[in-house]
2 protein chains.
Amino acid sequence: MSTIKEVARLANVSVGTVSHVISGSVPVSDQLRRRVTEAIRALDYHPNHIARSLKTSRTRILGIVVPDMTIPFFPQVIRGAEAAARKRNYYLVAVNSDDSSNRQREVLSLLRSQRVDGILLVVAAGQGSITQITQIRQSGIPVVCLDRLPENISIDSVCVDDCAAADMGVSHLISMGHQRIAILTGPLTLKNEQDRLQGYNNALTRAGLAVDATLIWEANFHQEEITRICGEHLRDAQRRPAALFSTNGVTGLGVLKALHVCGLNTPDEIAFATFDELTIEEVFRPAITTVVQPAYDIGHRATDILINRIERCMLDASTVSIRLPATLKIRETSLALAHVL
Amino acid sequence: MSTIKEVARLANVSVGTVSHVISGSVPVSDQLRRRVTEAIRALDYHPNHIARSLKTSRTRILGIVVPDMTIPFFPQVIRGAEAAARKRNYYLVAVNSDDSSNRQREVLSLLRSQRVDGILLVVAAGQGSITQITQIRQSGIPVVCLDRLPENISIDSVCVDDCAAADMGVSHLISMGHQRIAILTGPLTLKNEQDRLQGYNNALTRAGLAVDATLIWEANFHQEEITRICGEHLRDAQRRPAALFSTNGVTGLGVLKALHVCGLNTPDEIAFATFDELTIEEVFRPAITTVVQPAYDIGHRATDILINRIERCMLDASTVSIRLPATLKIRETSLALAHVL
DNA sequence: CTGTTAGCGCATTCAT
DNA sequence: ATGAATGCGCTAACAG
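Before going into details, it helps to say that this report is about the structure given with it. On a predicted model such as this, the values are computed, not experimentally measured, just so you know.

## Quick look at the overall build of chain A
Here comes step 1: Counting its regular elements, chain A contains 12 helices and 12 strands.
Here comes step 2: Taken against the 2.2 N^0.38 rule, which gives 20 Å for 341 residues, the C-alpha radius of gyration of chain A at 25 Å runs more than 25% over that of a compact globule.
Here comes step 3: The C-alpha extent of chain A, read off along each of the three principal axes, is 85 × 40 × 30 Å.
Here comes step 4: Here chain A holds 341 residues, and 56% of them are scored as buried.
Here comes step 5: Partitioning the intrachain contacts of chain A with sequence separation of at least 6 by distance along the chain shows that 72% fall at a separation of at least 24.
Here comes step 6: Total accessible area computed for chain A in this model is approximately 14,500 Å², and 51% of it derives from carbon and sulfur atoms.
Here comes step 7: Positive and negative charge centroids in chain A, built from 36 and 35 side chains respectively, lie 10 Å apart.

Following this line, the structure appears as structure tokens:
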């Protein structure tokens with residue numbers, strides 16, 4: 001790897017001049033500029049960002065931490081963030097936290113050690129995120145939270161309007177004639193899961209339906225457990241709800257697996273709607289009624305806010321909390337039951 | 001952000017000593033060690049990797065470049081790579097190339113400028129990758145190619161045994177009684193698409209079936225175009241094949257969309273098998289017969305080889321080419337046609 | 001075992 | 001408009 005010094009020697013100028021033509025911050029005569037660019041090409045010179053960052057203490061790199069990139073929602077968020085970063089001349093690196101607070105601590109530490117200019121964070125499900133976030137911010141690195149918001153901390157954030165989105169989905173099920181509607185949530189330690197549950201409550205209440213605690217099923221993010229938990233509730237035909245709403249893609253998939261295990265058909269035997277697209281609805285059956293989050297936009301907006309913070313355009317602005325609307329895609333699984341019609 | 005100097009001052013030792021306790025490479029007395037670790041905690045000190053790397057010219061960071069993280073195959077590869085990297089105390093950052101040679105040049109340049117210790121590359125579909133790879137290797141950064149292999153260059157690589165995998169899928173269709181079998185490929189400029197086509201040819205030939213050029217359909221990676229191309233071929237009922245094999249997940253999805261547009265049912269009107277899982281087969285219909293690649297393993301193996309190269313365990317070893325076997329998941333879409341039975 | 005110091009590659013004053 | 005010199009934070013050699 002050639003250095004700026006070698007370029008300077010070949011072009012027969014000083015390192016300062018090379019630096020100037022690269023940064024463009026100081027005028028350089030055409031002749032020297034040409035000599036320098038030629039030398040750069042000849043040596044296949046790539047400026048050492050490491051050295052540059054050590055000097056400037058800025059890396060133009062953003063980090064994004066997500067629980068698990070194999071959950072389809074997150075790559076979309078990342079793509080949105082990447083696009084926004086690119087537009088403003090930043091790069092984005094993505095890492096997984098495995099939804100583990102400990103691993104999250106590790107990757108955040110990595111990002112700090114790498115001196116990324118800012119961090120986009122989808123917090124892990126466990127405890128301890130607040131301390132981690134506080135430390136990072138104290139060290140001067142801006143953090144924006146996406147999708148999942150930590151509680152008891154004032155921080156820039158971008159996510160869907162969870163309460164309204166769940167309300168919309170459940171209200172739709174109600175409008176299709178269903179009354180006994182169950183909800184399968186992720187861990188309720190997560191604020192956004194709580195909010196989605198709240199939306200469910202709101203929708204029922206507004207429709208004059210009683211909220212039945214036995215129809216609120218809390219799960220986690222482990223596929224087998226979700227399926228087991230859901231299956232247990234569905235087994236008893238007497239108690240079985242007319243419709244089921246799940247608050248995220250992972251639990252949604254668990255619902256489908258549980259229905260499959262129990263030999264239940266949707267929508268004939270039970271209606272179903274979920275947060276997050278589970279598959280390509282055009283070509284696969286059942287076509288699932290879905291509350292679709294603007295994943296790309298969430299990533300994009302969050303990144304814009306983050307870069308604003310970094311570049312001090314928003315130094316004294318108070319916390320920004322963006323709540324984006326979700327979209328309801330009505331499909332087959334929420335059709336009214338035959339015997340209700 | 002505190003520095004090693006501040007830690008040294010607070011612990012009342014020299015910076016050298018602090019460095020020694022952090023690296024563990026040089027013995028330090030228990031007393032000083034304790035003082036130092038306390039100071040580190042007190043100051044919430046995070047070593048500046050930037051400065052360290054400038055000194056050591058090693059970053060312990062690996063980069064992986066994939067065409068598009070939203071294609072489910074790639075996150076799995078990345079996870080495998082991440083796990084392998086973590087085991088050997090490296091970190092992994094992932095970036096997208098958008099399957100564009102130009103963008104690939106940009107991100108590779110970024111990775112070089114960041115001085116990553118090694119690069120995992122799934123080459124973009126267009127031309128120009130070879131020059132890019134050659135330059136990187138000349139600069140001393142090891143590169144391992146995954147999934148897609150560039151031609152005319154000797155380089156470490158890990159991918160599925162494309163020819164055998166396609167052969168397996170097509171042979172299965174033949175064994176189900178199909179004779180007129182079409183293949184929908186991605187761009188044949190890609191070596192692995194060529195190999196998969198070769199596997200198709202081999203399977204037909206071995207079965208004594210003629211290879212019909214009008215049944216070889218070449219597409220690209222653009223969803224709408226794939227659907228259009230496939231739809232055009234399927235429209236004519238006279239010429240329609242009995243079965244269709246697609247060589248990757250993106251074209252596979254295009255097939256399903258085209259079938260949907262044409263109102264064709266699989267397997268009743270046309271059998272179908274594809275490379276790569278398109279959805280969660282347990283719960284969605286149609287359940288598609290699939291050639292499943294060991295995506296996680298591909299990432300894992302490639303990363304191991306890369307780190308071996310980096311750490312010189314394999315300095316003079318010749319090029320390593322790993323070919324992993326695929327698995328055939330036989331499901332509904334490849335059932336024999338009713339009128340054939 | 002512990003302290004001192006040179007220098008990694010670059011951006012940035014400050015001279016000229 | 002160009003060049004020379006300084007130091008970012010750290011590691012590794014060396015000295016003690």
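## Here's the deal with the side chain of Glu193 of chain B
All names here are of chain B.
Here comes step 1: Mapped onto the secondary structure, Glu193 falls in helix H9 (residues 191-206).
Here comes step 2: We note that Glu193 is buried and unpaired, the nearest opposite charge coming from Arg196 at a distance of 4.4 Å.
Here comes step 3: With sequence-adjacent residues up to four places away left out, Glu193 is seen in contact with Thr185, Gly186, Pro187, Leu188, Phe221, Thr247 and Asn248.

## Concerning the protein's contact with DNA strand C
Here comes step 1: Contacts to DNA strand C come from 25 residues, most closely from Ile4, Tyr45 and Arg52 of chain A together with Thr17 and Lys55 of chain B.
Here comes step 2: The sugar-phosphate backbone supplies 65% of the atoms of DNA strand C found within 4 Å of the protein.
Here comes step 3: At a separation of 3.1 Å, a phosphate oxygen of DNA strand C approaches a polar side-chain atom of Ser19 of chain A.
Here comes step 4: Between DNA strand C and Tyr45 of chain A there is a distance of 2.5 Å, counted from a phosphate oxygen to a side-chain nitrogen or oxygen.
Here comes step 5: Contributing elements (two or more residues each) for the surface near DNA strand C: helix H2 (15-23) and helix H4 (49-56) of chain A together with helix H2 (15-23) and helix H4 (49-56) of chain B.
Here comes step 6: In terms of residue class, the surface near DNA strand C is built from 11 nonpolar, 11 polar and three charged.

## A word on the interface of chain A and chain B
Here comes step 1: At the junction of the two partners, chain A supplies 54 residues and chain B supplies 54 residues.
Here comes step 2: With both chains or domains summed, chain A and chain B bury close to 5,300 Å², and 58% of this area falls on carbon and sulfur atoms.
Here comes step 3: Our count for the chain A to chain B interface comes out at 10 salt bridges.
Here comes step 4: Between Arg79 of chain A and Asp98 of chain B there is a salt bridge whose closest N-O contact spans 2.8 Å.
Here comes step 5: On inspection of chain A and its partner chain B, the count reaches 26 residue pairs in polar contact (both at pLDDT 80 or more).

## Description of the protein's contact with DNA strand D
Here comes step 1: For DNA strand D, the set of nearby residues contains 20 residues, the closest of which are Thr17 and Lys55 of chain A together with Ile4, Tyr45 and Lys55 of chain B.
Here comes step 2: In this structure, Lys55 of chain A approaches DNA strand D through a side-chain N or O atom, which is 2.9 Å from a base nitrogen.
Here comes step 3: Contact distances for DNA strand D include 2.5 Å between a phosphate oxygen and a side-chain N or O atom of Arg52 of chain B.
Here comes step 4: It is H4 of chain B that contributes the most residues to the surface near DNA strand D, four residues altogether.
Here comes step 5: Its residues assigned to classes, the surface near DNA strand D comprises 10 nonpolar, seven polar and three charged.

## Some thoughts on the relation of the copies chain A and chain B
Here comes step 1: Superposition record for chain A on chain B: RMSD 0.1 Å, screw rotation 180 degrees, translation along axis 0.0 Å. Given the turn and translation reported, the copies of this chain are related as if by a two-fold rotation axis.
Here comes step 2: Mapped onto chain B, 100% of the interface residues of chain A again fall at the interface, so both copies present the same surface.

What counts and what doesn't
- Residues numbered from 1 in each chain as written.
- Chains lettered and ligands numbered in written order.
- Predicted model: local features only at pLDDT ≥ 70, side-chain atom pairs only at ≥ 80, totals over all residues.
- Heavy atoms only, no water.
- Helix = DSSP H or I, 4+ residues; strand = E, 2+ residues; numbered from the N terminus.
- Rg over C-alpha atoms; globule rule 2.2 N^0.38 Å.
- Buried < 20%, exposed > 50% of the residue type's maximum accessible area, 1.4 Å probe, protein only.
- Contact = heavy atoms within 4.5 Å.
- Areas by Shrake-Rupley, 256 points an atom, 1.4 Å probe, with all protein chains shown as cover.
- Lys, Arg positive; Asp, Glu negative; His and termini not counted.
- Charge placed at Lys NZ, Arg CZ, Asp CG, Glu CD.
- Salt bridge = Lys/Arg side-chain N within 4 Å of Asp/Glu carboxyl O.
- Near = heavy atom within 4 Å.
- Polar contact = N/O pair within 3.5 Å; in protein donor to acceptor, adjacent residues only side chain to side chain.
- Nonpolar A, V, L, I, M, F, W, Y, C, P; charged D, E, K, R; others polar.
- Buried area = accessible area lost by both parts, 1.4 Å probe.
- Least-squares fit on C-alpha atoms with pLDDT ≥ 70 in both.

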